[in-house]
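Residues per chain are reported as follows:
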Amino acid sequence: MVSENPSNEGNPKRQWSLEDFEIGKPLGKGKFGRVYVAREIKSKYIVALKVIFKEQIEKYRIQHQLRREMEIQTSLKHPNVLRLYGWFHDAERVFLILEYAHNGELYKELKKKGHLSERQAATYILSLTKALAYCHEKSVIHRDIKPENLLLDHEGRLKIADFGWSVQSRSKRHTMCGTLDYLAPEMVENKAHDYAVDNWTLGVLCYEFLYGVPPFEAESQADTFKRIVKVDLSFPSTPSVSVEAKHLISQLLVKDSSKRLSLQKIVQHPWIIKNANPDGIYKK
Ligand code: AMP
């Protein structure tokens, strides 16, 4: 483990280029680019390098979204938010220097296991709650939290990644975005929304961690839409889930956004107190 990291801290004018890195194995492929493990040559610090082709950026007109994502993510420094250390570009590509999440996507872990234990689920929900409280304090609403956007580091600590859809705002927002299953009723109905959309998503995730499927899953998008709007929530008999966990989920999946459990209250919820590891580390 090398103590130094490749951030611009103390050296705000640091200009990175591809020559500063040794590129390793590919980690994955997203909609807009590929991600590789890389080592910053001088510090030997391991990072994830995300490569996005400028052609793609122009084709999908995501210049503004990408810049916003980069600016927001650079400003966020929290143990449960994936760090963006910096970025650079050449003629064809933009490179994002990201914190490396050694254990990859939480989604893969969930698919492999089917569903998570209450201890593991509660640890992740607590980490997410703390990360969101920090983001909300900085006026950032993530709006696109889903298992694919949650990564795990070498210690099993959860990291929120992908701020592509997040917004920095103090006012109610009106734009429609994100994947339907995780969206709050006010978002699918295209109504004004605020920070409480992330609290709803915590309820959806808590359910999915424990049952292996999101609560409003349906054959079609239209049916998911209907189930979200009605808050058509039911708890299957298997797997067996504690009454306290169901209580927390029911307090978050509430149609009236002002009545959803606050982030402060989630941290103090008996299910969290009983099951979560306060340092956010979950080791198998
Ligand atoms: P993305 O383009 O952000 O969707 O990334 C594509 C895939 O690369 C993800 O699904 C992850 O499996 C992997 N990946 C992205 N960022 C990282 C990271 N910082 N550390 C480890 N793996 C990553």
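From a predicted model like this one, the values you see are computed outputs, not experimental measurements.

*Asks:* I'd like a rundown of the sheet that holds strand β4 (residues 84-89), residues and numbers included.
*Replies:* Strands pair in a sheet through their backbones, by hydrogen bonds, and they do so in one of two ways: parallel or antiparallel. Sheet architecture is open: five strands sit in the order β1-β2-β3-β5-β4, paired in antiparallel fashion. The strands lining the two open edges of the sheet, one partner per strand, are β1 (21-29) and β4. The sheet shows a mean angle of 25 degrees between the axes of neighbouring strands, direction not considered. With seven bridges connecting them, strand β2 (residues 33-40) and strand β3 (residues 46-53) associate as antiparallel partners. Note that in β3 the partner of Val35 across the bridge is Lys50.

*Asks:* Outline the packing of helix α4 (residues 118-137) against helix α6 (residues 196-211), listing residues and values.
*Replies:* Contact pair α4 / α6: the axes reach a minimum separation of 10 Å and the direction vectors enclose 165 degrees. In terms of axis orientation, α4 runs roughly antiparallel to α6. Like other packed secondary-structure pairs, α4 and α6 cross with a definite hand, here right-handed. Contact residues: α4 offers Glu118, Ala121, Tyr124, Ile125, Leu128, Thr129, Leu132 and His136, while α6 offers Asp198, Asn199, Leu202, Leu205, Cys206, Phe209 and Leu210. Looking at side-chain class alone, the contact of α4 with α6 contains 10 nonpolar, three polar and two charged residues.

*Asks:* Describe the site of the ligand, naming the residues involved and giving the relevant values.
*Replies:* Close to the ligand lie 13 residues; Gly30, Lys50, Glu99, Ala101 and Glu105 are nearest. Note that an oxygen atom of the ligand is positioned 2.8 Å from one of the side-chain N or O atoms of Lys50. At 2.9 Å, a backbone N or O of Ala101 approaches a nitrogen atom of the ligand. For the ligand, the protein covers 85% of the area, taking 480 Å² as the surface of the free molecule. Placement of the ligand is best described as lying within the largest pocket. Elements supplying a minimum of two residues to the shell around the ligand: β1 and β3.

*Asks:* Got a sec to walk through the pattern of salt bridges? Specific residues and values, please.
*Replies:* Under the counting rule described, the total for this entry stands at 14 salt bridges. Salt-bridge contacts for Lys191 lead to Glu189; the nearest nitrogen and oxygen are separated by 3.2 Å. Look at Lys191 and you get partly exposed, because its relative accessible area is 44%. You can call Glu189 partly exposed: its relative accessible area is 28%. The shortest N-O distance in the salt bridge between Arg227 and Asp232 comes to 3.1 Å. Using a relative accessible area of 19% as the deciding quantity, one classes Arg227 as buried.

*Asks:* Outline α6, supporting the account with residue identities and numerical values.
*Replies:* With 16 residues, α6 extends 23 Å between its outermost C-alpha atoms, agreeing within 8% with the 22 Å of an ideal straight helix rising 1.5 Å per residue. At the exit of α6 stands Gly212, carrying a positive phi of roughly 90 degrees.

*Asks:* How would you explain the confidence of the model for the protein chain if you had to name every residue and give the values?
*Replies:* Where the model shows low pLDDT, its predicted coordinates should not be examined in detail. Confidence in the prediction for the protein chain averages 88 pLDDT; 90% of positions are at 70 or higher. Note that pLDDT drops below 50 for residues 169-174; the model gives that stretch 18 contacts with residues more than four away or on any other chain.

*Asks:* Could you give me a rundown of the layout of surface pockets, with the residues and numbers involved?
*Replies:* Its volume calculated, the largest pocket comes out at about 1,200 Å³. Taken together, 39 residues line the largest pocket, and the ones lying closest to its centre are Gly30, Val35, Lys50, Asn149 and Asp162. Within the residue set of the lining of the largest pocket, elements represented by two or more residues are β1, β2, β3, α2 (63-75) and β5 (93-99). In terms of residue count, the dominant contributor to the lining of the largest pocket is β1 (five residues). The residue inventory of the lining of the largest pocket, partitioned by class, reads 17 nonpolar, 10 polar and 12 charged.

*Asks:* I'd like a description of unusual backbone geometry, backed by residues and values.
*Replies:* The peptide bond linking Thr238 to Pro239 adopts the cis configuration, its omega dihedral lying at -10 degrees. Tracing the backbone shows Pro239 in the loop between α7 (221-230) and α8 (243-252). Of note, Lys44 is a non-glycine position whose phi angle comes to about 65 degrees, a positive value. For Lys44, the location among the structural elements is in the loop between β2 and β3. Within the chain, Val231 stands out as a residue other than glycine whose phi angle is a positive 50 degrees. Relative to the helices and strands, Val231 is located in the loop between α7 and α8.

Reading the values: the criteria
- Residues numbered from 1 in each chain as written.
- Predicted model: local features only at pLDDT ≥ 70, side-chain atom pairs only at ≥ 80, totals over all residues.
- Heavy atoms only, no water.
- Pairing = 2+ DSSP bridges.
- Helix = DSSP H or I, 4+ residues; strand = E, 2+ residues; numbered from the N terminus.
- Axes fitted to C-alpha atoms, helices over the stretch in contact; angles between N-to-C directions.
- Parallel < 35°, antiparallel > 145°, perpendicular 65-115°, else oblique.
- Left-handed = near helix turned anticlockwise from the far one by under 90°.
- Contact = heavy atoms within 4.5 Å.
- Nonpolar A, V, L, I, M, F, W, Y, C, P; charged D, E, K, R; others polar.
- Near = heavy atom within 4 Å.
- Polar contact = N/O pair within 3.5 Å; in protein donor to acceptor, adjacent residues only side chain to side chain.
- Areas by Shrake-Rupley, 256 points an atom, 1.4 Å probe, with all protein chains shown as cover.
- 1 Å grid on protein atoms, 1.4 Å probe; cavity = no way out; pocket = protein on both sides within 12 Å on 5 of 7 lines; lining within 4 Å.
- Sits in = over half its atoms within 2 Å of the grid points.
- Salt bridge = Lys/Arg side-chain N within 4 Å of Asp/Glu carboxyl O.
- Buried < 20%, exposed > 50% of the residue type's maximum accessible area, 1.4 Å probe, protein only.
- Expected span 1.5 Å × (residues − 1).
- pLDDT = per-residue confidence, 0-100.
- Points joined across faces, edges and corners; volume = space filled by probe spheres on them.

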